[in-house]
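# Fold and contact review
In case you want the letters, here they are:
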Amino acid sequence: MKIAGLNLDIIWKNKTENFKIIENEFQNVEADLFLLPEMFSTGFCMDASEVSDRNEESLEFLKKLSKEKNAAVCGSAPVEENGSFYNRMYFVQPDAETVFYDKRHLFSFSGEDKVYTPGKKRVIVEYKGMRFLLQVCYDLRFPVFARNNDDYDAVLYVANWPEKRVGAWEHLLKARAIENLSFVFGLNRIGTDGNSLFYQESSHCFFADGKEISVKENNIVSAELNRDELRDFRSHFQFLNDRDQFSIEL
């Protein structure tokens with residue numbers, strides 16, 4: 001399975017322009033799954049009442065892109081639902097079937113927890129025989145939540161993780177791959193946002209042994225995920241069999 005992620009310099013609070021850029025960047029790219037950063041349509045913005053989707057405009061864009069590319073598309077957007085705001089990660093398939101995950105760990109350092117509502121469930125979606133755990137940015141710092149109970153093959157992290165803390169982002173992505181014997185694809189944005197935070201290119205895909213397998217060309221970061229290779233690696237190194245048994249209360 002091929003995943004193609006976009007290092008997107010998100011235009012602050014401008015959904016229409018971001019949609020145009022995304023379509024243009026992916027125009028000549030082929031993949032089974034296209035990945036977009038956290039809050040790809042607006043930037044990581046706390047002005048939820050201003051930027052959140054009320055008519056599912058970001059979701060409708062993802063459905064349109066998925067149909068055009070005949071591939072799955074995944075990314076997060078701010079959403080309003082029943083008077084509450086969510087940082088919602090969508091996974092959309094070409095037939096418009098949609099699964100979503102609401103970000104569980106809200107970034108209190110920026111006040112996200114004061115604006116958005118945390119998700120209440122851990123979400124795994126299966127596509128073309130590959131099982132994906134959906135995660136958003138700050139979730140990366142909480143390994144218990146992402147612990148592999150032998151129920152997924154890959155983790156997708158979409159983020160707005162600034163340059164000043166990028167070392168933690170890169171180390172933790174690799175750690176999650178190694179400790180969970182899984183592929184980990186972490187897609188970060190680039191550029192400068194409306195809060196003057198700078199984001200350097202730092203998107204990566206790691207194999208279960210911590211080896212980077214992503215290829216970067218222009219703004220596209222891609223990786224081939226070989227399920228058979230992962231199965232063989234897990235069969236040889238059966239570390240997941242020794243994991244602690246526990247449940248998480250949400």
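Residues numbered from 1 in each chain as written. Predicted model: local features only at pLDDT ≥ 70, side-chain atom pairs only at ≥ 80, totals over all residues. Heavy atoms only, no water.

As annotated in an unreviewed UniProt entry, the protein chain carries the name Nitrilase-related carbon-nitrogen hydrolase and is attributed to Chryseobacterium arthrosphaerae. Under the Sequence similarities (unreviewed entry) heading, UniProt states for the protein chain: "Belongs to the carbon-nitrogen hydrolase superfamily. NIT1/NIT2 family." (UniProt positions renumbered as here; feature names shortened; annotations may be inferred.)

Here we come to the packing of aromatic side chains. Tallying each qualifying case throughout the model produces 15 aromatic pairs. Here the aromatic rings of Tyr138 and Phe142 are separated by 5.1 Å at their centres, their planes lie at 90°, and the arrangement is edge-to-face. An aromatic cluster of at least three residues, connected via ring pairs, comprises Phe183, Phe207, Phe233, Phe237 and Phe239. For the cation-ring pair, Lys121 lies above Phe100, with the distance from its terminal atom to the ring centre recorded as 5.9 Å. (Phe/Tyr/Trp six-rings, centres within 6.5 Å; stacked < 30°, edge-to-face > 60°. Lys NZ or Arg CZ within 6 Å of the ring centre and 35° of its normal.)

Let us now look at the environment of Tyr127. Of note, Tyr127 is situated in strand S6 (residues 124–127). Counting along the chain gives 117 residues from Tyr127 to Asp244, while the straight-line C-alpha distance between them is 28 Å. Excluding its chain neighbours within four sequence positions, the residues that come into contact with Tyr127 are Met1, Asp32, Ala71, Ala72, Phe91, Gln93, Pro94 and Phe132. A polar contact is formed between the side chain of Tyr127 and the backbone nitrogen of Ala72, at a distance of 3.4 Å. (Helix = DSSP H or I, 4+ residues; strand = E, 2+ residues; numbered from the N terminus. Contact = heavy atoms within 4.5 Å. Polar contact = N/O pair within 3.5 Å; in protein donor to acceptor, adjacent residues only side chain to side chain.)

This brings us to the pairing of strand S5 (residues 98–102). Looking down a regular strand, the side chains alternate between one sheet face and the other. For strand S4 (residues 84–92) and S5, the ladder comprises five bridges, and the chain directions are antiparallel. Residue pairing across strands places Val92 opposite Thr98, the latter belonging to S5. The loop that links S4 with its antiparallel partner S5 comprises five residues; one of these, Ala96, has a positive phi angle of about 80°. (Pairing = 2+ DSSP bridges.)

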